[in-house]
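# Structure assessment
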Amino acid sequence: MKMKRVSLYDSMKFEPFEDHEEERCWQKQAASALKVLIKSRLTRRQKQVIVLYYYKGMKQRDIAKQLGVTESAVSHAKIEALKRIKFYLEILRR
């Protein structure tokens, strides 16, 4: 059974807003902020992993081969990148 991959935004599991309109507005802002955050707040390796995994749809195993690193290194870069992105999005959300 193939599992569906969640989006970059959905992988961060933010608490929803009570107002649906406010939620939609926030999601639009977050989508544009994600691009800026990826370019300006991630390390080179984190950028590569996030782009290949979420935007190109590659598996961590394939990313590791392409970048010449271990799957563990890819996993670590992805986790740290998500933490960093979520941190900055939480600041914007306030």
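I will try to describe carefully the structure that is included in this document. (Residues numbered from 1 in each chain as written. Predicted model: local features only at pLDDT ≥ 70, side-chain atom pairs only at ≥ 80, totals over all residues. Heavy atoms only, no water.)

### Brief notes about the nonpolar core
Of all hydrophobic cores here, the largest spans 27 residues; its most connected members are Leu8, Met12, Leu34, Ile50, Ile63, Ile85 and Leu89. Among the secondary structure elements, those contributing two or more residues to this core are helix 1 (20-41), helix 2 (44-55), helix 3 (60-67) and helix 4 (71-93). When near neighbours in sequence (up to four residues on either side) are disregarded, Leu89 contacts Met12, Phe14, Trp26, Ala30, Ala33, Leu34 and Leu37. (Core = buried A, V, L, I, M, F, W, Y, C linked by side-chain atoms within 4.5 Å. Buried < 20%, exposed > 50% of the residue type's maximum accessible area, 1.4 Å probe, protein only. Helix = DSSP H or I, 4+ residues; strand = E, 2+ residues; numbered from the N terminus. Contact = heavy atoms within 4.5 Å.)

### Points about the pattern of salt bridges
With the rule as written, the count across this model stands at 2 salt bridges. Ionic pairing is found between Glu21 and Arg24, a salt bridge with its closest N-O pair at 2.8 Å. Note that Glu21 and Arg24 are positioned in helix 1 at a spacing of 3 residues, about one turn of the helix. For Arg24, a relative accessible area of 46% corresponds to the partly exposed category. A salt bridge links Lys83 to Glu80; the nearest nitrogen and oxygen atoms lie 3.3 Å apart. Note that Lys83 and Glu80 are positioned in helix 4 at a spacing of 3 residues, about one turn of the helix. (Salt bridge = Lys/Arg side-chain N within 4 Å of Asp/Glu carboxyl O.)

### Overview of the packing of aromatic side chains
All told, the structure shown has 2 aromatic pairs when counted by the stated rule. Where Tyr53 meets Tyr54, the ring centres are 4.8 Å apart and the plane angle is 80 degrees; that geometry is what we call edge-to-face. For the pair shown, Tyr53 and Tyr54 are each scored as buried. Considering the side-chain rings of Phe87 and Tyr88, the 5.2 Å spacing of their centres and the 80 degrees angle between planes classify their relative orientation as edge-to-face. Positioned above the aromatic ring of Tyr53, the side-chain terminus of Lys78 is 4.1 Å from the ring centre. (Phe/Tyr/Trp six-rings, centres within 6.5 Å; stacked < 30°, edge-to-face > 60°. Lys NZ or Arg CZ within 6 Å of the ring centre and 35° of its normal.)

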